[in-house]
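The chain contents come next:
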Amino acid sequence: MALFDFLKKKKDGPVPAEEFAPQPDGIIGEAGEALEDAPGQAEPVPAPEELPPEGAEVPHEPAPEPEYVEKPAKKGLFSRLKDGLSKTRDSFTGKVDSVFRAFAKIDDDLYDELEEALILADIGGQTSMEIVDSLRERVKEKRITDGAAAKEELKAIITEILAGGDSELRLDTKPTVVLVIGVNGVGKTTTIGKLTNRLKNEGKTVVLAAADTFRAAAADQLEIWAERNGVQLIRLTEGADPAAVIFDGCGAAKKRGADVLICDTAGRLHNKRNLMEELKKIYRVIERELPGARKEVLLVLDATTGQNAVNQAEEFNKAAELTGIVLTKLDGTAKGGIVIQIIQKLGVPVKFVGVGEGIDDLQPFDAADFAAALFPEE
Ligand SMILES: Nc1nc2c(ncn2[C@@H]2O[C@H](COP(=O)(O)OP(=O)(O)OP(=O)(O)O)[C@@H](O)[C@H]2O)c(=O)[nH]1
Ligand SMILES: [Mg+2]
């Protein structure tokens, strides 16, 4: 596929800085050795233009790596999801139920209250309105008169929205390259660790590329995950060109006959031009080194940031053709409702959800399970 097929041609303005998490300061260093050998590849990535002012507070410090504890008894996937979504469920069903309880009949007031409840449950204004409009139509069409049946319809509508995308990670080529992007602290590296575990358990050979060369600790963190999973890690020195790491990663994946090359990236791509520049360069390396390889571009979003995560998804989606979203930290938030608006607004499928820090706390996204976990049986 041609390089620019991956990048939308739309000319958008710069990404509003407040929509992205603050980034650590720094400039990309010289290209790594491998890339210097590669003709036409060695130009360094332009330094970010929107660096925070000197002395600016940088709130995100990478959290210490959690103690690795293998969960003793494998709890069922669904019950893990249900546990993980408990805060969201309490907020969501609490609000929705109280609306249906408060109204004896289904009328405009109920719809207004329901829309408000959905907005409060982080489903977003536009998506909430669409859901309520659709409910209104169905209730009319099916001549529904009682609240319980209307609630069932609401569940069906939400399930349909959630099921709107192809949530499968497509590993059609050997290797497939999985590029993991997102602002800092959202859980990219942890997600890669968990995803590697999943893929290994499916019998896949995985190579990891530490293309977050922004700080040495990032590669160290990925190395821990590589060791846990017993997979090869490609890393270069701090400050090396990320594309150089990907170049070496492609080489290692070829040599090993790996099924998947997963690339970690720095969470500092905070304006669209930098993101596009860097991705272009990375794509160019992948296309030359692994012609025809499928690319999965996964955007990691931290669910605890609520509407900000939705904004990030919109901005990243303009800059790069995302193939999927990973929504992390659902276990720590009541804001899981954002998944509904992300799917509805962006049309990008959610492929995985993170429901904890453990190695097996990454689940493939399943619309029916997610909806079932949101609407408990009565
Ligand atoms: N509770 C919970 N914590 C998570 C989840 N996913 C990631 N985390 C935690 O979030 C923190 C940040 O995760 P990282 O993987 O380092 O995030 P990152 O995006 O790689 O961050 P940078 O490399 O700094 O850009 C870590 O403490 C993780 O353990 C999740 O699904 N649930
Ligand atoms: Mg990281």
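The structure we're discussing is the one just above.
The structure displayed is predicted, hence computed values, not measured ones.

Novice: What's the story with the overall build of the protein chain in this structure? I'm lost.
Specialist: The helix and strand inventory of the protein chain stands at 13 helices and eight strands. Relative to its full complement of 378 residues, the protein chain shows a buried share of 48%. In the protein chain, once contacts between residues fewer than 6 apart in sequence are set aside, the share between residues at least 24 apart is 79%.

Novice: Explanation requested: the sheet that holds strand S6 (residues 324-328) in the structure shown.
Specialist: Each strand in a sheet pairs with another by means of backbone hydrogen bonds, the pair being arranged parallel or else antiparallel. Taken together, eight strands build an open sheet; the order of strands is S3-S2-S4-S1-S5-S6-S7-S8 and the sheet is mixed. Each having just a single partner strand, strand S3 (232-234) and strand S8 (362-364) make up the two edges of the open sheet. Neighbour-to-neighbour, the strand axes of this sheet turn through a mean angle of 25°, independent of strand direction. Lying over the sheet, helix H8 (residues 216-229) contacts strand S2 (206-211), S3 and strand S4 (260-265), oriented at roughly 170° with respect to S2.

Novice: In this structure, what is going on with the environment of Gly147? I would like to understand it.
Specialist: Structurally, the position occupied by Gly147 is in helix H6 (residues 147-162). By C-beta crowding, Gly147 is classed as partly exposed, having 18 other C-beta atoms within 10 Å. Not counting residues up to four positions away in its chain, the partners in contact with Gly147 are Phe100, Phe103 and Ile106.

Novice: Would you take a moment to explain the nonpolar core for this structure?
Specialist: Membership of the largest hydrophobic core comes to 101 residues, with the highest contact counts inside it found for Leu208, Ala209, Ile246, Leu261, Ile262, Cys263 and Ile325. At seven residues, helix H9 (residues 242-256) tops the list of elements feeding residues into this core. Here Ala209 is in contact with Ile234, Val245, Ile246, Gly249, Leu261, Cys263 and Asp264, once residues within four sequence places are set aside.

Novice: Explain unusual backbone geometry here, please?
Specialist: In most cases, non-glycine residues show a negative phi, while peptide bonds are predominantly trans. Residue Pro175 follows Lys174 across a cis peptide bond; omega there is 0°. With a phi close to 50°, Arg143 is a non-glycine residue in the positive phi region. Checked against the element boundaries, Arg143 lands in the loop between helix H5 (125-141) and H6. With a phi angle near 60°, Lys329 is a residue other than glycine that sits in the positive phi range. Considering the arrangement of structural elements, one finds Lys329 in the loop between S6 and helix H12 (338-346).

Novice: I would appreciate a short explanation of the packing of helix H3 (residues 86-102) against helix H4 (residues 108-120) in the present structure.
Specialist: Two measures define how a pair of helices packs: the angle their axes make with one another and the distance between the axes. Running from amino to carboxyl end, H3 crosses H4 at an angle of 170°, the nearest separation of the two axes being 9 Å. Our classification of the angle between H3 and H4 gives roughly antiparallel. Here Lys95, Val96, Val99 and Ala102 of H3 lie close against H4, whose contacting residues are Leu110, Glu113, Leu114, Ala117 and Leu120. Along the lines of polarity and charge, the residues of the contact of H3 with H4 split into seven nonpolar, no polar and two charged.

Novice: When you look at the environment of Leu81 in this model, what are you seeing that I'm missing?
Specialist: Note on placement: Leu81 falls in helix H2 (residues 77-84). Between the C-alpha atom of Leu81 and that of Gly356, which follows or precedes it by 275 residues, the distance is 9.7 Å. Contacts of Leu81, omitting those with residues within four sequence positions, involve Val355, Gln363, Asp369 and Ala373.

Novice: Is there a simple way to think about the packing of H5 against H6 in this case?
Specialist: As a packed pair, H5 and H6 sit with axes 10 Å apart at the nearest point and diverge in direction by 130°. Taken together, the axes of H5 and H6 lie oblique to each other. Note that H5 runs across H6; the crossing there is right-handed. Every residue of H6 that contacts H5 at Ile131, Ser134, Leu135, Arg138 and Val139 is listed here: Ala150, Glu153, Leu154, Ile157 and Ile158. Here the contact of H5 with H6 is built from residues that sort into seven nonpolar, one polar and two charged.

Novice: In this structure, what is going on with H9? I would like to understand it.
Specialist: Structurally, the α-helix is built with 3.6 residues per turn, so residues lying three or four positions apart point the same way. Relative to the 21 Å expected for 15 residues at 1.5 Å per residue, H9 spans 21 Å between its end C-alpha atoms, a close match to the ideal helical length. Where H9 is concerned, the buried positions are Pro242, Ala243, Ala244, Val245, Ile246, Phe247, Asp248, Gly249, Cys250 and Ala253. Gly257 sits one or two residues past H9 and shows a positive phi near 65°.

Novice: In this structure, what is going on with H12? I would like to understand it.
Specialist: Along H12, the positions that sit buried rather than exposed are Ile338, Val339, Ile340, Gln341, Ile342 and Ile343. Check the buried side of H12 and you find it contacts H5, H6, helix H11 (307-319), S6 and strand S7 (350-354). Two residues or fewer after H12 comes Gly347, characterised by a positive phi angle close to 70°.

Novice: Could you clarify how one ought to interpret the environment of Ala368 in this entry?
Specialist: Secondary-structure assignment places Ala368 in helix H13 (residues 367-374). Since 10 C-beta atoms lie within 10 Å of it, Ala368 is described here as exposed. A sequence separation of 213 residues divides Ala368 from Lys155, and the C-alpha atoms of the two residues are 9.9 Å apart.

Novice: Explain the pairing of S7 here, please?
Specialist: Regular strands have side chains that alternate between both faces of the sheet. Within S7, five of the five residues are buried, which leaves the element mostly enclosed by the surrounding structure. Pairing of S6 with S7 involves three bridges; the strand directions are parallel. The residue of S7 that forms the bridge with Val326 is Phe352. With three bridges connecting them, S7 and S8 associate as antiparallel partners. Bridge assignment links Gly354 to a residue of S8, and that residue is Leu362.

Cut-offs applied
Residues numbered from 1 in each chain as written. Chains lettered and ligands numbered in written order. Predicted model: local features only at pLDDT ≥ 70, side-chain atom pairs only at ≥ 80, totals over all residues. Helix = DSSP H or I, 4+ residues; strand = E, 2+ residues; numbered from the N terminus. Buried ≥ 20, exposed ≤ 12 C-beta atoms within 10 Å, placed from the backbone. Contact = placed C-beta atoms within 7 Å. Pairing = 2+ DSSP bridges. Axes fitted to C-alpha atoms, helices over the stretch in contact; angles between N-to-C directions. Core = buried A, V, L, I, M, F, W, Y, C linked by C-beta atoms within 7 Å. Parallel < 35°, antiparallel > 145°, perpendicular 65-115°, else oblique. Nonpolar A, V, L, I, M, F, W, Y, C, P; charged D, E, K, R; others polar. Left-handed = near helix turned anticlockwise from the far one by under 90°. Expected span 1.5 Å × (residues − 1).

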